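# Report on the structure
Each chain, written out:
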Amino acid sequence: MIAEAENGLKPEREEAAEQTGLPNGYTHLVPIVRYRSIQKSFGELQVIKGIDLDIYPGEKIALIGPSGSGKTTLGRMLMTLEEPSSGTITIEDEPLWQMEKKGNLVRASEKHLHRMRSKVGMVFQHFNLFPHMTVLRNVTLAPRSVLRLAKEEAEERAVEMLRKVGLENKLHEYPAKLSGGQKQRVAIARALVMQPKVMVFDEVTSALDPELVGEVLNVIKDIAEDGNMAMLLITHEMEFAREVADRIVFGAEGRIVEQGTPVELFENPQSDRLKSFLQRFR
Amino acid sequence: MNLPWLESLPLLVDGLLITVQVAVLSSVVALALAAAAGLARTSRYAAIRGLAGTYVEIFRACSLLVLLFWVYFALPFLGIELSKVTAAVLAIGLNIGAYGAEIVRSSLKAIPEGQHEAGIALNLSPNERMLRIILPQAVARMLPPFGNLLIELLKSTSLVYFITLSDLTYEAMVIRNNYYTWTPHIFGSLLIIYFLLSSCIFITFRLLERKLTAWR
Ligand SMILES: Nc1ncnc2c1ncn2[C@@H]1O[C@H](COP(=O)(O)OP(=O)(O)O)[C@@H](O)[C@H]1O
Ligand SMILES: [Mg+2]
C-alpha cells in the first residue's frame, strides 16, 4: 500500500497541497472535467438528481455507492453514451453536449462529439472486445481508423500498450481464446492507446472470476502511477479504491452524499448512508 | 438396360442451364434488395425505415406465383413487357429479397449494444463502426439463414413452369409427355438434380461460414 500522510493525501499530492496551501493538492489546477447541475432521467425514472463534480488533470477519483445509484450513467455521460437531461458537462472548459453556433449554445453535432470524445476513454464491465479481430487488431483499429496512423506505427504503439498490460505474447489470439482477466487487459490497452486525458473504468472487475480480479487491478494501479491521465474509477473494490484514489466520491440515489480523501471517507465516514454502505465491505 | 427417354437428355441439360441462370440472377437481385432493405430498416430516418418496411411486408406476404403472373401477364397491360427470364428474376428476386431483408435486419440487431458502444468510446465514425465492427459480425450470423433462403429460392424457380419458361421442370414435363411410362424415372431424376444443386449451395455456405467465423 502506498504510504499516506496524516491528512490522507498521497505523497505527491501532499507536496502540492503544501506548496499551494490548498486542501487536496489538486484545486490549484483547472479542472479538466466539470459536471454542473447534472440531471438524467430515463422516462419517468430520475436516475441522476443534480450532480456537481470536478475532475482535475491527473486526478484519480473512485466513485463508490450502492448499485442502481447512477454511477455507470455518470460515466457514460462523459463518454457521450448517454445525454444528460439537464445541466452541463465541460471538458477543458468546452461544453461536451452543446456547441456554440452563431453565439447560441445548440445541441452538439456528431462532429463536435467526435472532437470532444478524443479526450475521453472508457473501459466497460463486460470488456466489449471485438470478437472477430485478433488482440492486436482490437488495439490498432482506432489508431488506424481514427488517428490515421500507418500500420507500422499503430502496431508499434499497440504492442507497447499490450506489453504494459502483460499481453505481448497474445498478439495474434482471438478474444474467444482469452480468460476474462486477459480480455479486460486487452480492453484497457485498447482504450489507453488513444491517449485520452480522462478515462472511465466502469466496474471493470465485476464480471471476472475472483482469482482474475487481482491481475486487472494491478494493471490499473500501474497505469495510475504512470501519472498524467485523470481516472474515474467506478468500483466495489474498497481496498483498491483506497490504494489508488486521491479522492473517494460516495453517491447514492443519484446524488453525491459524501466525498474526501480515502482516509477521511473510510476512517471517518460522516453520513449514516456511507457508514452502513461500508459495513457491508468489512 | 434400355432407357429410351435418355435420348432427350440434351433437353434436360438446356432446362438445367435456364434453372441455374434464373437462380443465379434472382439470387443477385434478392441479395441486393435484402442488403439495401435490411440496412434501410435500421436507418435513423423514419421515412427510409418505413419505405423498407413496406417493401418487406408487401412482398413477403404475396404469393410468389401470383407475383410472377402479375409481372409477366399483367405488366404488359401497363405497357411494360418483360422477357420470361427477366420476369422470373424480378418476381423471385423481389419475393426472396423481402425475406432476406428480415435476415439482414435481425442479424444487425443481434449484435450486442456493447459493440456499438465500444466503437463510440474509441471515437470511430458511424460508418466505420458499421463497416468494421457491426457488419463483419452480422454477416457471419447471416450465412446459415441465407444458405437456407437460397435453397428455398432454387426450389421456387420451378414455378416459372407456369409462365412457360423452359426450365428444368418444364423440360421434364415435356419429356414426360413423350415417354409417359417412364414418368417415375424422369421425375426421380428431376428430384436428384434439384438435390445436387441444393447441395452445391449448402456446401458453399458451409465453407464460407467456416472461413468467416474462424474467430469463434
Ligand atoms: N438505458 C436505460 N434505460 C432505463 N433505465 C436505465 C438505463 N440505464 C440505467 N437505467 C437505470 O438507472 C439506474 C441507475 O443505473 P446505473 O447508472 O447503471 O447505476 P449503477 O452503475 O450505480 O449501478 C438504475 O435503476 C437503472 O436501472
Ligand atoms: Mg454500474
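Analysis parameters
Residues numbered from 1 in each chain as written. Chains lettered and ligands numbered in written order. Predicted model: local features only at pLDDT ≥ 70, side-chain atom pairs only at ≥ 80, totals over all residues. Heavy atoms only, no water. UniProt positions renumbered as here; feature names shortened; annotations may be inferred. Helix = DSSP H or I, 4+ residues; strand = E, 2+ residues; numbered from the N terminus. Buried < 20%, exposed > 50% of the residue type's maximum accessible area, 1.4 Å probe, protein only. Contact = heavy atoms within 4.5 Å. Salt bridge = Lys/Arg side-chain N within 4 Å of Asp/Glu carboxyl O. Polar contact = N/O pair within 3.5 Å; in protein donor to acceptor, adjacent residues only side chain to side chain.

- Going by what an unreviewed UniProt entry lists, chain B is known as Ectoine/hydroxyectoine ABC transporter permease subunit EhuC and is assigned to Paenibacillus arenilitoris.
- Comment text from UniProt for chain B, heading Sequence similarities (unreviewed entry), reads "Belongs to the binding-protein-dependent transport system permease family."
- Here is the UniProt Subcellular location (unreviewed entry) comment for chain B, exactly as written: "Cell membrane".

### Thoughts on the side chain of Q115 of chain B
- Mapped onto the elements of the fold, Q115 of chain B is located in helix 5 (residues 113–121).
- Given a relative accessible area of 6%, Q115 of chain B falls into the buried group.
- Setting aside residues no more than four positions away along its own chain, Q115 of chain B makes contact with N128, L129, F130 and P131 of chain A together with I133, I134 and Q137 of chain B.

### Examining the pattern of salt bridges
- A full pass over the atoms with the stated rule returns 22 salt bridges over all chains.
- Here D93 of chain A makes a salt bridge to R34 of chain A, at a shortest N to O gap of 3.4 Å. Of the two residues, D93 of chain A is situated in the loop between strand 4 (86–91) and strand 5 (94–95) and R34 of chain A in strand 1 (residues 33–42); the sequence distance between them amounts to 59 residues.
- When its relative accessible area of 49% is taken as the criterion, D93 of chain A is described as partly exposed.
- According to the relative accessible area criterion, R34 of chain A is partly exposed, its value standing at 23%.
- One salt bridge in this structure joins E128 of chain B and R148 of chain A, with 3.4 Å as the shortest N-O distance. On the criterion of chain membership, the pair formed by E128 of chain B in helix 6 (residues 126–156) and R148 of chain A in the loop between helix 4 (135–145) and helix 5 (151–164) is interchain, its members lying in two chains.
- The structure contains a network of salt bridges with shared partners spanning R41, E57, R60, E102 and R105 of chain B.

### Side note on the side chain of T213 of chain B
- Relative to the helices and strands, T213 of chain B resides in the segment after helix 8 (183–212).
- From its side chain, T213 of chain B meets the backbone oxygen of E209 of chain B in a polar contact 2.6 Å long.

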